[in-house]
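Reading the structure
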Amino acid sequence: DTEVTQTPKHLVMGMTNKKSLKCEQHMGHRAMYWYKQKAKKPPELMFVYSYEKLSINESVPSRFSPECPNSSLLNLHLHALQPEDSALYLCASSQRWTSGLTYNEQFFGPGTRLTVL
Amino acid sequence: DAKTTQPNSMESNEEEPVHLPCNHSTISGTDYIHWYRQLPSQGPEYVIHGLTSNVNNRMASLAIAEDRKSSTLILHRATLRDAAVYYCILNRGGADGLTFGKGTHLIIQP
(Lines give C-alpha, C1' and ligand atoms only; values in the text may rest on other atoms or scores of the structure.)
Protein backbone atom coordinates (compact mmCIF):
# COMPACT_ATOMS: atom_id res chain seq x y z
CA ASP A 1 0.00 0.00 0.00
CA THR A 2 1.73 3.19 -1.20
CA GLU A 3 -1.19 5.49 -0.64
CA VAL A 4 -1.76 8.54 1.51
CA THR A 5 -5.45 9.15 2.10
CA GLN A 6 -7.02 12.44 3.11
CA THR A 7 -10.51 13.20 4.34
CA PRO A 8 -12.66 15.01 3.60
CA LYS A 9 -12.04 15.76 -0.08
CA HIS A 10 -13.88 19.06 0.19
CA LEU A 11 -14.76 21.20 3.20
CA VAL A 12 -16.71 24.42 3.47
CA MET A 13 -16.65 26.18 6.82
CA GLY A 14 -17.56 29.49 8.36
CA MET A 15 -15.08 31.68 10.18
CA THR A 16 -16.45 30.66 13.59
CA ASN A 17 -16.46 26.91 12.92
CA LYS A 18 -14.07 24.29 14.24
CA LYS A 19 -13.19 21.48 11.86
CA SER A 20 -10.44 18.92 11.35
CA LEU A 21 -8.61 17.48 8.37
CA LYS A 22 -7.41 13.91 8.53
CA CYS A 23 -4.49 12.17 6.83
CA GLU A 24 -3.59 8.49 7.02
CA GLN A 25 -0.78 6.28 5.68
CA HIS A 26 0.06 2.63 6.24
CA MET A 27 3.53 2.54 4.70
CA GLY A 28 5.33 2.58 8.03
CA HIS A 29 6.61 6.10 7.37
CA ARG A 30 7.78 8.03 10.41
CA ALA A 31 7.76 11.55 8.93
CA MET A 32 4.52 13.29 8.00
CA TYR A 33 3.90 16.74 6.55
CA TRP A 34 1.22 19.34 5.99
CA TYR A 35 1.43 21.67 2.99
CA LYS A 36 -0.88 24.47 1.89
CA GLN A 37 -1.43 25.25 -1.79
CA LYS A 38 -3.26 28.35 -2.97
CA ALA A 39 -4.72 28.39 -6.46
CA LYS A 40 -2.07 28.45 -9.23
CA LYS A 41 0.75 28.58 -6.65
CA PRO A 42 3.24 25.93 -5.54
CA PRO A 43 2.71 24.02 -2.28
CA GLU A 44 4.09 25.65 0.86
CA LEU A 45 5.31 23.64 3.82
CA MET A 46 3.37 24.18 7.06
CA PHE A 47 4.39 21.47 9.54
CA VAL A 48 6.64 18.42 9.77
CA TYR A 49 6.21 15.58 12.26
CA SER A 50 9.01 13.14 12.91
CA TYR A 51 8.33 10.09 15.09
CA GLU A 52 5.02 11.67 16.14
CA LYS A 53 6.76 14.81 17.40
CA LEU A 54 6.46 18.22 15.80
CA SER A 55 9.85 19.02 14.30
CA ILE A 56 9.12 21.96 12.01
CA ASN A 57 6.50 24.70 12.23
CA GLU A 58 6.90 27.20 9.41
CA SER A 59 5.51 30.11 11.47
CA VAL A 60 1.96 28.99 10.85
CA PRO A 61 -0.80 30.97 12.66
CA SER A 62 -2.20 29.30 15.77
CA ARG A 63 -5.63 28.92 14.18
CA PHE A 64 -4.03 25.86 12.52
CA SER A 65 -3.24 23.18 15.10
CA PRO A 66 -1.56 19.96 13.97
CA GLU A 67 -1.74 16.67 15.83
CA CYS A 68 -0.07 13.31 15.26
CA PRO A 69 -1.84 10.77 17.52
CA ASN A 70 0.10 7.81 16.13
CA SER A 71 2.59 6.97 13.40
CA SER A 72 -0.13 6.41 10.78
CA LEU A 73 -2.37 9.37 11.42
CA LEU A 74 -1.99 13.13 11.08
CA ASN A 75 -4.69 15.68 11.83
CA LEU A 76 -4.96 19.39 11.20
CA HIS A 77 -7.42 21.15 13.51
CA LEU A 78 -8.89 24.36 12.18
CA HIS A 79 -10.46 27.13 14.24
CA ALA A 80 -11.44 30.72 13.51
CA LEU A 81 -10.08 30.62 9.98
CA GLN A 82 -10.15 33.53 7.57
CA PRO A 83 -11.33 33.52 3.95
CA GLU A 84 -7.70 33.85 2.82
CA ASP A 85 -7.05 30.43 4.37
CA SER A 86 -9.08 28.87 1.57
CA ALA A 87 -6.70 26.53 -0.22
CA LEU A 88 -5.83 22.93 -1.01
CA TYR A 89 -4.29 21.28 2.05
CA LEU A 90 -1.89 18.48 1.17
CA CYS A 91 -0.56 15.79 3.44
CA ALA A 92 2.59 13.81 2.70
CA SER A 93 4.68 11.12 4.35
CA SER A 94 8.18 9.70 4.02
CA GLN A 95 10.64 7.50 5.83
CA ARG A 96 12.75 9.37 8.31
CA TRP A 97 16.12 10.42 6.94
CA THR A 98 18.85 8.13 8.27
CA SER A 99 22.44 9.31 8.06
CA GLY A 100 22.46 9.80 4.32
CA LEU A 101 22.05 6.09 3.63
CA THR A 102 18.61 6.18 2.08
CA TYR A 103 16.74 8.62 -0.07
CA ASN A 104 13.24 9.20 1.26
CA GLU A 105 10.79 10.36 -1.36
CA GLN A 106 7.62 11.99 -0.16
CA PHE A 107 4.25 10.46 -0.96
CA PHE A 108 1.44 12.98 -1.23
CA GLY A 109 -2.26 12.58 -0.70
CA PRO A 110 -4.82 14.11 -3.08
CA GLY A 111 -5.51 16.97 -0.70
CA THR A 112 -8.52 18.54 1.00
CA ARG A 113 -9.96 21.55 -0.76
CA LEU A 114 -11.00 24.00 1.95
CA THR A 115 -13.29 26.98 1.46
CA VAL A 116 -13.75 29.46 4.29
CA LEU A 117 -16.80 31.67 4.01
CA ASP B 1 17.23 25.55 0.85
CA ALA B 2 19.08 26.69 -2.25
CA LYS B 3 17.02 28.36 -4.96
CA THR B 4 16.14 26.82 -8.33
CA THR B 5 15.17 28.57 -11.56
CA GLN B 6 12.91 26.94 -14.13
CA PRO B 7 11.08 28.23 -17.23
CA ASN B 8 7.46 29.11 -16.48
CA SER B 9 6.11 26.90 -19.24
CA MET B 10 7.15 24.59 -22.05
CA GLU B 11 5.26 22.98 -24.86
CA SER B 12 5.99 19.72 -26.62
CA ASN B 13 4.33 17.27 -28.96
CA GLU B 14 3.07 13.86 -27.98
CA GLU B 15 5.54 10.99 -28.45
CA GLU B 16 8.51 13.35 -28.64
CA PRO B 17 11.24 13.74 -26.01
CA VAL B 18 11.00 16.60 -23.55
CA HIS B 19 13.94 18.27 -21.84
CA LEU B 20 13.03 20.32 -18.77
CA PRO B 21 15.91 22.51 -17.53
CA CYS B 22 16.64 23.65 -13.99
CA ASN B 23 19.35 26.03 -12.80
CA HIS B 24 20.63 25.79 -9.24
CA SER B 25 23.87 27.74 -9.09
CA THR B 26 23.91 27.94 -5.26
CA ILE B 27 23.56 24.20 -4.69
CA SER B 28 25.50 22.85 -1.73
CA GLY B 29 27.49 19.63 -1.64
CA THR B 30 24.86 17.81 0.41
CA ASP B 31 21.85 18.85 -1.69
CA TYR B 32 20.04 16.24 -3.67
CA ILE B 33 18.30 17.36 -6.87
CA HIS B 34 14.70 16.18 -6.81
CA TRP B 35 11.96 16.38 -9.37
CA TYR B 36 8.33 16.14 -8.47
CA ARG B 37 5.35 16.74 -10.71
CA GLN B 38 1.77 17.70 -10.04
CA LEU B 39 -0.91 16.59 -12.44
CA PRO B 40 -4.13 18.62 -12.54
CA SER B 41 -6.30 18.14 -9.43
CA GLN B 42 -3.78 15.81 -7.77
CA GLY B 43 -1.09 15.99 -5.12
CA PRO B 44 2.54 16.15 -6.22
CA GLU B 45 4.28 12.90 -7.07
CA TYR B 46 7.95 11.98 -7.00
CA VAL B 47 9.61 11.63 -10.39
CA ILE B 48 13.34 11.16 -9.85
CA HIS B 49 16.30 12.36 -7.81
CA GLY B 50 20.07 12.48 -8.08
CA LEU B 51 23.18 13.74 -6.35
CA THR B 52 26.07 13.79 -8.83
CA SER B 53 25.58 11.13 -11.49
CA ASN B 54 22.93 10.88 -14.18
CA VAL B 55 19.98 8.73 -13.17
CA ASN B 56 17.33 6.74 -15.01
CA ASN B 57 14.09 5.23 -13.80
CA ARG B 58 10.87 4.05 -15.38
CA MET B 59 9.44 7.56 -15.51
CA ALA B 60 12.34 9.72 -16.65
CA SER B 61 16.05 10.42 -16.79
CA LEU B 62 17.96 13.07 -14.88
CA ALA B 63 21.05 14.62 -16.41
CA ILE B 64 23.22 16.53 -13.93
CA ALA B 65 25.89 18.97 -15.06
CA GLU B 66 29.42 18.21 -13.94
CA ASP B 67 29.52 21.30 -11.71
CA ARG B 68 26.01 20.45 -10.42
CA LYS B 69 24.82 23.99 -11.09
CA SER B 70 22.16 22.82 -13.50
CA SER B 71 20.19 19.70 -14.34
CA THR B 72 17.73 18.49 -16.96
CA LEU B 73 14.76 16.22 -16.55
CA ILE B 74 14.22 14.13 -19.66
CA LEU B 75 10.92 12.52 -20.55
CA HIS B 76 11.86 10.19 -23.38
CA ARG B 77 8.50 9.95 -25.08
CA ALA B 78 5.90 12.38 -23.77
CA THR B 79 2.27 11.39 -23.56
CA LEU B 80 -0.78 13.51 -22.84
CA ARG B 81 -0.70 12.12 -19.30
CA ASP B 82 2.64 13.87 -18.75
CA ALA B 83 1.00 17.29 -18.89
CA ALA B 84 1.69 18.68 -15.42
CA VAL B 85 3.66 21.22 -13.42
CA TYR B 86 7.21 19.93 -12.89
CA TYR B 87 9.12 21.10 -9.84
CA CYS B 88 12.89 20.99 -9.43
CA ILE B 89 13.74 21.01 -5.71
CA LEU B 90 16.99 20.92 -3.74
CA ASN B 91 17.46 19.64 -0.23
CA ARG B 92 19.13 16.93 1.80
CA GLY B 93 16.63 14.21 1.03
CA GLY B 94 13.10 15.32 1.76
CA ALA B 95 12.71 14.52 5.44
CA ASP B 96 12.76 18.20 6.41
CA GLY B 97 10.00 19.15 4.02
CA LEU B 98 10.23 20.34 0.45
CA THR B 99 10.51 23.95 -0.68
CA PHE B 100 8.70 24.19 -4.00
CA GLY B 101 9.55 26.87 -6.54
CA LYS B 102 7.16 28.00 -9.24
CA GLY B 103 7.89 25.00 -11.46
CA THR B 104 7.46 24.51 -15.19
CA HIS B 105 4.01 24.03 -16.63
CA LEU B 106 4.46 21.36 -19.33
CA ILE B 107 1.88 21.37 -22.11
CA ILE B 108 1.68 18.35 -24.42
CA GLN B 109 0.07 18.80 -27.80
CA PRO B 110 -1.54 15.76 -29.47
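Figured I'd write up the structure that's included with this text.

Rules used throughout
Residues numbered from 1 in each chain as written. Chains lettered and ligands numbered in written order. Predicted model: local features only at pLDDT ≥ 70, side-chain atom pairs only at ≥ 80, totals over all residues. Heavy atoms only, no water. Disulfide = S-S within 2.5 Å. Helix = DSSP H or I, 4+ residues; strand = E, 2+ residues; numbered from the N terminus. Buried < 20%, exposed > 50% of the residue type's maximum accessible area, 1.4 Å probe, protein only. Salt bridge = Lys/Arg side-chain N within 4 Å of Asp/Glu carboxyl O. Phe/Tyr/Trp six-rings, centres within 6.5 Å; stacked < 30°, edge-to-face > 60°.

1. Points about the state of the cysteines
Residues and elements named next belong to chain A. A complete count under the given rule lists two disulfides over all chains for this structure. A disulfide bridge connects cysteine 23 with cysteine 91, and the sulfur atoms are separated by 1.8 Å. A torsion of -70° about the S-S bond marks the disulfide between cysteine 23 and cysteine 91 as left-handed. Residue cysteine 23 is found in strand 3 (residues 18-25), and its partner cysteine 91 is found in strand 9 (residues 87-94); the two are separated by 68 residues along the sequence. As far as the burial class goes, cysteine 23 and cysteine 91 line up, both buried.

2. Structural notes on the pattern of salt bridges
On inspection of all chains with the given rule, the structure shows seven salt bridges over all chains. In this structure, the salt-bridge partner of aspartate 85 of chain A is arginine 63 of chain A, at a minimum N-O distance of 2.7 Å. Of this pair, aspartate 85 of chain A sits in the loop between strand 8 (73-79) and strand 9 while arginine 63 of chain A sits in the loop between strand 6 (53-57) and strand 7 (64-70), and the two are 22 residues apart along the sequence. Arginine 37 of chain B is paired through a salt bridge with glutamate 45 of chain B; the nearest N and O atoms lie 2.7 Å apart. Exposure remark for arginine 37 of chain B: the relative accessible area of 8% places this residue in the buried category. Since its relative accessible area comes to 30%, glutamate 45 of chain B is described here as partly exposed. Residues joined in a network through salt bridges with shared partners are Lys36, Arg63 and Asp85 of chain A.

3. Some thoughts on unusual backbone geometry
All names here are of chain A. Cis rather than trans, the peptide bond between threonine 7 and proline 8 has omega equal to -10°. Within the chain, serine 59 stands out as a residue other than glycine whose phi angle is a positive 55°. Looking at where serine 59 falls in the secondary structure, it is placed in the loop between strand 6 and strand 7.

4. A few points about the packing of aromatic side chains
Per the stated rule, a full pass over the model turns up eight aromatic pairs over all chains. Each ring, one from tyrosine 35 of chain A and one from phenylalanine 100 of chain B, has its centre 5.9 Å from the other, and the planes form 85°; the classification is edge-to-face. Taken together, the residues span two chains, with tyrosine 35 of chain A in strand 4 (residues 31-37) and phenylalanine 100 of chain B in the loop between strand 8 (84-91) and strand 9 (104-109). Take tyrosine 35 of chain A: its relative accessible area is 0%, and that puts it in the buried class. On the accessibility criterion, phenylalanine 100 of chain B (9% relative accessible area) is buried. An aromatic cluster is built from Tyr33, Tyr35 and Phe108 of chain A together with Tyr36, Tyr46, Tyr87 and Phe100 of chain B, whose rings are joined through pairwise contacts.

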